[in-house]
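# Examination of the molecular architecture
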Number of protein chains: 4
Amino acid sequence: MDVIADICVIPLTGSISVREPVARAHQVLIDAGLDVQLHAYGTNVSGPMATVLAAIERIHETLHAEGVPRISTSIKLGSRTDKRQSMEDKVEAVRERIGSGG
Amino acid sequence: MDVIADICVIPLTGSISVREPVARAHQVLIDAGLDVQLHAYGTNVSGPMATVLAAIERIHETLHAEGVPRISTSIKLGSRTDKRQSMEDKVEAVRERIGSGG
Amino acid sequence: MDVIADICVIPLTGSISVREPVARAHQVLIDAGLDVQLHAYGTNVSGPMATVLAAIERIHETLHAEGVPRISTSIKLGSRTDKRQSMEDKVEAVRERIGSGG
Amino acid sequence: MDVIADICVIPLTGSISVREPVARAHQVLIDAGLDVQLHAYGTNVSGPMATVLAAIERIHETLHAEGVPRISTSIKLGSRTDKRQSMEDKVEAVRERIGSGG
């Protein structure tokens with residue numbers, strides 16, 4: 001089953017800068033072979049659900065192993081059986097209707 | 001690695017009532033042997049991360065197999081290495097401070 | 001318009017303990033006169049949408065004023081026009097179906 | 001207070017296609033004068049918190065007025081007092097570190 005997911009990792013490190021662990025998490029998603037799109041409040045990925053979930057588990061393992069004591073990750077997971085839809089399809093489906101309503 | 005998770009399944013069924021698939025999702029979490037707490041906007045669970053993630057995958061598989069064509073699930077996953085903390089501990093840690101600030 | 005909301009405040013304080021600012025946020029929701037239910041991964045509230053949103057803004061203002069430099073808050077907001085539904089109704093609607101599916 | 005927000009509107013319409021109300025919601029954010037970036041699982045906006053929250057309320061009002069009976073919106077709201085940061089800054093801060101870890 002393929003999913004499109006939105007993943008936002010918040011590491012609690014004792015520092016208010018989170019960019020290094022967040023970049024590390026992003027790299028784990030890339031290394032998992034997923035299609036990955038960084039945005040301003042997280043990372044979207046698409047791929048097989050088992051691969052996506054395994055990558056999320058690896059993010060927690062990796063960050064903890066590198067010294068991050070506490071992590072809160074927000075995830076949205078979307079799957080559908082009625083048609084295949086890429087991340088680009090989802091954006092395009094909305095974009096083509098914007099402004100068309102009058 | 002143990003996690004505490006918050007899981008909110010939104011099935012898009014062609015009906016605005018979602019209670020049956022939401023109850024089904026909740027049952028999958030119970031059947032996975034997780035510690036489960038229903039609340040007004042989702043279900044909290046605690047247990048091993050692999051078990052939690054496998055249960056989430058099974059929710060999508062189960063609901064799709066039962067005819068739900070589209071699902072969007074929101075998840076929060078929290079893990080920490082500095083101490084063990086149950087769902088009750090988390091609630092209690094906040095509750096004992098409420099009203100104590102003057 | 002009434003809403004049911006789920007609010008999870010993550011303060012980035014330079015400490016990994018978040019219980020004090022989280023309790024402070026919870027208190028702001030109580031002080032706003034909302035119906036409030038603490039759970040293991042956030043707080044559910046119900047009330048008029050304008051009151052809920054104003055309370056969320058006050059949480060950020062209050063925590064920043066008390067020295068929290070960075071806050072990431074996750075919110076789910078549910079509204080419906082087809083019927084009135086309390087937080088208890090939502091939990092009960094799911095609970096009465098659990099185990100009834102066979 | 002300025003915020004960066006991630007907004008994902010899920011309308012429950014009795015249809016599994018959500019693109020029209022989702023595009024309508026996106027238009028409300030543009031009409032509010034916010035800086036808006038559509039992505040594959042929602043829309044990021046930046047601007048004054050009061051403007052962002054008022055636009056979210058208007059989305060619910062607009063969609064209900066146009067016949068959507070039930071809406072569940074997921075929001076992430078980030079604010080910080082230590083520095084100003086645009087949506088582009090956030091993406092760039094992560095991007096410049098990807099692959100730099102060896």
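What this report covers is the structure whose coordinates are included nearby. (Residues numbered from 1 in each chain as written. Chains lettered and ligands numbered in written order. Predicted model: local features only at pLDDT ≥ 70, side-chain atom pairs only at ≥ 80, totals over all residues. Heavy atoms only, no water.)

## Describing the interface of chain D and chain A
Each side of the interface is counted separately: chain D has 34 residues, and chain A has 34 residues. Here chain D and chain A share an interface that buries about 2900 Å² over both sides, 64% of which is from carbon and sulfur atoms. Contact with chain A buries surface across chain D, with D:Arg19, D:Ala40 and D:Tyr41 losing the most and accounting together for 25% of the total. At the boundary of chain D with chain A, the tally comes to four salt bridges. D:Glu96 is the salt-bridge partner of A:Arg19, the closest N and O atoms lying 3.5 Å from each other. At the boundary of chain D and chain A, one finds ten residue pairs in polar contact (both at pLDDT 80 or more). Breaking the side of chain D that touches chain A down by element, the ones donating at least two residues are strand 1 (2-12), helix 1 (19-31), strand 2 (35-39), strand 4 (70-80) and helix 3 (87-95) of chain D. Here the element with the most residues in the side of chain D that touches chain A is helix 1 of chain D; it accounts for seven residues. Residues of the side of chain D that touches chain A, tallied by class, amount to 16 nonpolar, eight polar and ten charged. (Contact = heavy atoms within 4.5 Å. Buried area = accessible area lost by both parts, 1.4 Å probe. Salt bridge = Lys/Arg side-chain N within 4 Å of Asp/Glu carboxyl O. Polar contact = N/O pair within 3.5 Å; in protein donor to acceptor, adjacent residues only side chain to side chain. Helix = DSSP H or I, 4+ residues; strand = E, 2+ residues; numbered from the N terminus. Nonpolar A, V, L, I, M, F, W, Y, C, P; charged D, E, K, R; others polar.)

## Things to note about the interface of chain D and chain C
Facing 25 residues of chain D, the contacting portion of chain C comprises 25 residues. Between chain D and chain C lies a buried interface of about 2100 Å² when both sides are counted; carbon and sulfur atoms form 56% of it. Counting every contact that joins chain D to chain C gives zero salt bridges. The tally of links between chain D and chain C comes to eleven residue pairs in polar contact (both at pLDDT 80 or more). Broken down by secondary-structure element, the contributors of at least two residues to the side of chain D that touches chain C are helix 2 (49-65) and strand 4 of chain D. Examining the composition of the side of chain D that touches chain C, we find that eleven residues originate from one element, strand 4 of chain D, more than from any other. Looking at side-chain class alone, the side of chain D that touches chain C contains ten nonpolar, nine polar and six charged residues. Bridge count for strand 4 (residues 70-80) of chain C against strand 4 of chain D is eleven bridges, and the pairing is antiparallel. Considered in strand 4 of chain D, the bridge of C:Thr73 is made with D:Leu77. (Pairing = 2+ DSSP bridges.)

## Section: the packing of aromatic side chains
For the structure on display, the rule yields zero aromatic pairs over all chains. For C:Lys90, the ring lying beneath its charged end belongs to B:Tyr41, and the centroid distance is 4.0 Å. (Phe/Tyr/Trp six-rings, centres within 6.5 Å; stacked < 30°, edge-to-face > 60°. Lys NZ or Arg CZ within 6 Å of the ring centre and 35° of its normal.)

## What to know about the relation of the copies chain D and chain A
Each copy superposes on the other: chain D lies on chain A with an RMSD of 0.0 Å after a rotation of 180° and an axial shift of 0.0 Å. This pairing of chains is accounted for by a two-fold axis. The C-alpha atom lying nearest the rotation axis in chain D is that of D:His39; the distance is 3.6 Å. Both copies present the same face, since 100% of the interface residues in chain D are matched by interface residues at the equivalent positions in chain A. (Least-squares fit on C-alpha atoms with pLDDT ≥ 70 in both.)

## With respect to the side chain of A:Ser72
Within the secondary structure layout, A:Ser72 lies in strand 4 (residues 70-80). If we skip the residues at most four places from it in the chain, A:Ser72 touches A:Cys8, A:Val9, A:Ile10, B:Leu77, B:Gly78, C:Ile10 and C:Tyr41.

## Re the packing of helix 1 (residues 19-31) of chain B against helix 2 (residues 49-65) of chain B
Residue and element names in this part refer to chain B. The geometry of helix 1 relative to helix 2 is characterised by a closest axis approach of 9 Å and an angle of 140° between their N-to-C directions. For the element pair helix 1 / helix 2, the angle class is oblique. Relative to helix 2, helix 1 is oriented so that their crossing is right-handed. Contacts between helix 1 and helix 2 involve Pro 21, Arg 24, Ala 25, Val 28 and Leu 29 from the former and Ala 55, Arg 58, Ile 59, Thr 62 and Leu 63 from the latter. In the contact of helix 1 with helix 2, the residues fall into seven nonpolar, one polar and two charged. (Axes fitted to C-alpha atoms, helices over the stretch in contact; angles between N-to-C directions. Parallel < 35°, antiparallel > 145°, perpendicular 65-115°, else oblique. Left-handed = near helix turned anticlockwise from the far one by under 90°.)

## What to know about the relation of the copies chain D and chain C
Its rotation angle being 180°, the transformation that places chain D on chain C also includes 0.0 Å of axial translation and leaves an RMSD of 0.0 Å. Counting the interface residues of chain D, we find that 100% of their copies in chain C are interface residues as well, pointing to one common contact surface.

## A few points about the sheet that holds strand 1 (residues 2-12) of chain A
The antiparallel open sheet is built from eight strands, whose spatial order is 2(A)-3(A)-1(A)-4(A)-4(B)-1(B)-3(B)-2(B). Edge positions in the sheet fall to strand 2 (35-39) of chain A together with strand 2 (35-39) of chain B, since each of these pairs with one other strand and no more. Taken pair by pair, the neighbouring strands of this sheet meet at an average axis angle of 20°, ignoring direction. Two elements, strand 2 of chain A and strand 3 (residues 42-48) of chain A, share five bridges in a ladder whose sense is antiparallel. Its bridge partner lying in strand 3 of chain A, A:Leu38 is registered against A:Thr43. Sheet contacts for helix 2 (residues 49-65) of chain A: strand 1, strand 3 and strand 4 of chain A together with strand 4 (70-80) of chain B; angle to strand 4 of chain A, the most-contacted strand, approximately 175°. The strands touched by helix 3 (residues 87-95) of chain B within the sheet are strand 1 (2-12), strand 2 and strand 3 (42-48) of chain B, with strand 2 of chain B carrying the most contacts at an inclination of about 45°.

## Considerations on a negative patch on the surface
All names here are of chain A. Residues Asp 35, Glu 88, Asp 89 and Glu 92 make up a contiguous surface patch of negative charge. In terms of residues, the negative patch owes the most to one element, helix 3 (residues 87-95), which gives three residues. Considering the arrangement of structural elements, one finds Asp 89 in helix 3. (Patch = residues over 30% accessible without salt bridge, like charges linked within 9 Å, V, L, I, M, F, W, Y side chains within 5 Å. Areas by Shrake-Rupley, 256 points an atom, 1.4 Å probe, with all protein chains shown as cover. Lys, Arg positive; Asp, Glu negative; His and termini not counted. Charge placed at Lys NZ, Arg CZ, Asp CG, Glu CD.)

## With respect to the environment of A:His60
Along the chain, the position of A:His60 falls in helix 2. For A:His60, a relative accessible area of 0% puts it in the buried group. Separated by eleven residues in sequence, A:His60 and A:Ile71 place their C-alpha atoms 7.1 Å apart. Those residues in contact with A:His60, other than ones at most four positions away along the chain, are A:Ile71, A:Thr73, B:Met1, B:Met49, B:Leu77 and B:Ser79. (Buried < 20%, exposed > 50% of the residue type's maximum accessible area, 1.4 Å probe, protein only.)

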